[in-house]
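# Summary of the model geometry
One letter stands for each residue in the lines below.
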Amino acid sequence: MTILTRSPATLSLQLFSTAVRRNASTARFFHFSPLRTAVAHPITAHGPPPKAPAPAREFGEQQKQEQQQQQQQQQATEEEAKVAGTEKETPARPSKPSALKKRFWKNVDVRKKPEEYQVLLDTRPVRTPTKDILSIPPTKPHLAHAIALEWDVMTSAQQALKHHLIPLTSLTARGADIAREDAQGQTTTREQIVRTTMRYLDTDTLLCWVPEKNPYSPPEVDEKGEKKESLRDVQERVARDVIAYLSTKVWPGIEIKPILDEGSIIPASQPQATKDIIKTWIYNLQAYDLAGFERGVLGSKSLLIAARLVAEWSENFRHAQNVEQRRFGIEEAAEASTLEVRWQTDMWGEVEDTHDVDKEDVKRQLGSVVVLVSGETR
């Protein structure tokens, strides 16, 4: 008996041929026709162009119903406004100018009373957001005239809604609100300001110094061969001057230390005794000094800078002021709060409409603090 053997290649070829024969009936073939370009025939039609397409009848009726409903709602709103005795602006009258877009007063005057100053728009006094008459202490006539100037340069009532255009008006209203709460025996605003401002102590801008360079690296020198003052040297010099003033005239014997240790990015907390003394001092500030202190902290991002600015200019801190020496003014406070930014912009240049605007905004906020807290010279 002879056994026929086949190689694997021969067997695979036979199996493939069998499968092709079985599926021949279900095979599909693709036919391609040659491409032909389109022929553009001339336009031979005459007469007017066809009419524009019109919406279906059902859609047109639905649109009319919606317009009628809108008109009915608008009429109902106007009738309600007439019944209530108020005038409400509706979107159907876009041509009518808003009352806020024009100035409703002609003259701005300052009225002096025995117990206060008032700023008058013609005959109506300026009011706070709570509808109370803006009251200015009798020892601050310069503040009253500065507020009058803010309103005199306005061209529309809408500008009074922008806080950056009325920094003194809004700040004085804040101080008046605190004074009214003090007269009523309330401490809500005082406690809120203390909590907010004390958060800045552990991350005070004045106490965040850049790390020291390698002591073995050669110091940088200028063109004359003298050693350049590094950013850390400038920060230490400015901070020590502020701390020395506060620790001797405002908080005697207090200990204030930098909040960043060498090689660490986690700020260190101030001693608890220091926090208690500063917290008590903030809570006991006069109403207008407290309002100015709050804005100074928010504007400079530094509790210490704001504290010295208030102590240097407030009429309630005459004992801590030395008129003969140069004061810590707006320029000094703004420079102390933006030391690192100024250092970088002096080295690399500043971005137009960014760094210069921020610089002037800091001066505007700190300047409003000085005008608010200062009073007549005794």
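Everything below is about the structure printed above this text.
My aim in this report is to walk through the structure given alongside it, one point at a time. Nothing here was measured: the structure is a model prediction, and the numbers come from that model. (Residues numbered from 1 in each chain as written. Predicted model: local features only at pLDDT ≥ 70, side-chain atom pairs only at ≥ 80, totals over all residues. Heavy atoms only, no water.)

A few words now on the overall build of the chain. Counting secondary structure elements, the chain contains 12 helices and three strands. Split into buried and exposed, the 378 residues of the chain put 34% on the buried side. Considering only intrachain contacts with a sequence separation of at least 6, the fraction spanning at least 24 residues in the chain is 62%. When the accessible surface of the chain is split by element, carbon and sulfur atoms take 54% of a total near 26,400 Å². (Helix = DSSP H or I, 4+ residues; strand = E, 2+ residues; numbered from the N terminus. Buried < 20%, exposed > 50% of the residue type's maximum accessible area, 1.4 Å probe, protein only. Contact = heavy atoms within 4.5 Å. Areas by Shrake-Rupley, 256 points an atom, 1.4 Å probe, with all protein chains shown as cover.)

This part takes up the packing of helix α4 (residues 167-183) against helix α8 (residues 287-300). Where α4 contacts α8, the axes come no closer than 8 Å and their chain directions differ by 130°. In terms of orientation, α4 lies oblique with respect to α8. When the axes of α4 and α8 are compared, the crossing they make is right-handed. Residues P167, S170, L171, T172, R174, G175, A176, I178, A179 and D182 of α4 touch α8, and the partners they reach there are A287, Y288, L290, A291, G292, E294 and R295. Partitioned by chemical class, the residues of the contact of α4 with α8 number nine nonpolar, four polar and four charged. (Axes fitted to C-alpha atoms, helices over the stretch in contact; angles between N-to-C directions. Parallel < 35°, antiparallel > 145°, perpendicular 65-115°, else oblique. Left-handed = near helix turned anticlockwise from the far one by under 90°. Nonpolar A, V, L, I, M, F, W, Y, C, P; charged D, E, K, R; others polar.)

Right, let's get into the pattern of salt bridges. By the definition in use, this model includes 15 salt bridges. As a salt-bridge pair, D152 and R103 come within 3.5 Å of each other at their nearest N and O atoms. Taken as a pair, D152 in helix α3 (residues 141-152) and R103 in the loop between α2 (57-84) and β1 (108-112) lie far apart in primary sequence, 49 residues in all. A salt bridge links R190 to D182; the nearest nitrogen and oxygen atoms lie 3.0 Å apart. Relative accessible area serves as the criterion here: at 33%, D182 is assigned to the partly exposed category. Here the salt bridges share partners, and the residues they tie into one network are D132, D177 and R180. (Salt bridge = Lys/Arg side-chain N within 4 Å of Asp/Glu carboxyl O.)

Time to look at unusual backbone geometry. Its identity as a non-glycine residue notwithstanding, K301 has a phi of 60°, on the positive side. Position of K301 relative to the elements: it lies in the loop between α8 and α9 (303-313).

What follows deals with the pairing of strand β2 (residues 117-121). Buried residues dominate β2, accounting for five of its five residues. The side-chain alternation of β2 yields two buried faces, one formed by Y117, V119 and L121 and the other by Q118 and L120. Linking two consecutive strands that pair antiparallel, namely β1 and β2, is a turn of four residues. Note: β2 against strand β3 (residues 124-125), two bridges, orientation antiparallel. By the bridge assignment, L120 is partnered in β3 with P125. (Pairing = 2+ DSSP bridges.)

This part is about the nonpolar core. Inside soluble globular proteins, nonpolar side chains tend to come together where they are buried. Among the nonpolar cores identified, the biggest contains 73 residues, and W151, W251, W281, I282, F293, L303 and L304 are the most heavily contacted of them. Here this core spans two domains, since at least three of its residues come from each of domain 1 (108-182) and domain 2 (186-212 + 227-373). Other than its neighbours up to four places away in sequence, W281 contacts V250, W251, F293, A307 and F317. (Core = buried A, V, L, I, M, F, W, Y, C linked by side-chain atoms within 4.5 Å. Domains from an automatic or database assignment.)

The subject of this paragraph is helix α10 (residues 330-337). Within the sequence span of α10, burial applies to A333, A334, A336 and S337. Burial along α10 is one-sided: seen end-on, the buried residues are contained in an arc of 165°. In this structure, the buried residues of α10 make contact with α6 (231-250), α8, α9, α11 (339-348) and α12 (355-373). (Arc of directions from axis to C-beta.)

Moving on: the sheet that holds β2. The sheet built from three strands is open, its strands ordered β1-β2-β3 with antiparallel pairing. Each end of this open sheet is capped by a strand with a single partner; those strands are β1 and β3.

A few words now on the packing of aromatic side chains. One pass over the full model with this rule turns up five aromatic pairs. The rings of W251, W281, F293 and F317 are connected pair by pair, giving a single aromatic cluster. Sitting above the plane of the Y245 ring, R308 keeps its charged end 4.6 Å from the centroid. (Phe/Tyr/Trp six-rings, centres within 6.5 Å; stacked < 30°, edge-to-face > 60°. Lys NZ or Arg CZ within 6 Å of the ring centre and 35° of its normal.)

Glancing now at the side chain of R308. Here R308 shows up in helix α9. Beyond its immediate stretch of four places on either side in the chain, R308 contacts D241, V242, Y245, L246 and F328.

Following the sequence through the fold, Q270 ends up in the loop between α6 and α7 (272-283). Owing to a relative accessible area of 4%, Q270 belongs among the buried residues under this scheme. Among the polar contacts made by the side chain of Q270, one reaches the main-chain carbonyl oxygen of K257 at a distance of 2.8 Å. Not counting chain neighbours up to four residues away, the residues in contact with Q270 comprise L201, D202, L207, E255, I256, K257, I259 and K275. (Polar contact = N/O pair within 3.5 Å; in protein donor to acceptor, adjacent residues only side chain to side chain.)

Turning our eyes to something else, we now look at the packing of α8 against α9. One way to put it is that α8 packs onto α9 with a least axis distance of 8 Å and a crossing angle of 140°. On the basis of the axis angle, α8 is oblique to α9. Taken as a pair, α8 and α9 cross one another with a handedness that is right-handed. Contacts from D289, G292, F293, G296, V297 and S300 of α8 reach α9 at L303, I305, A306, A307 and V310. Here the residues of the contact of α8 with α9 sort into seven nonpolar, three polar and one charged.

All quantities given are derived from atomic positions and should not be read as evidence of function.
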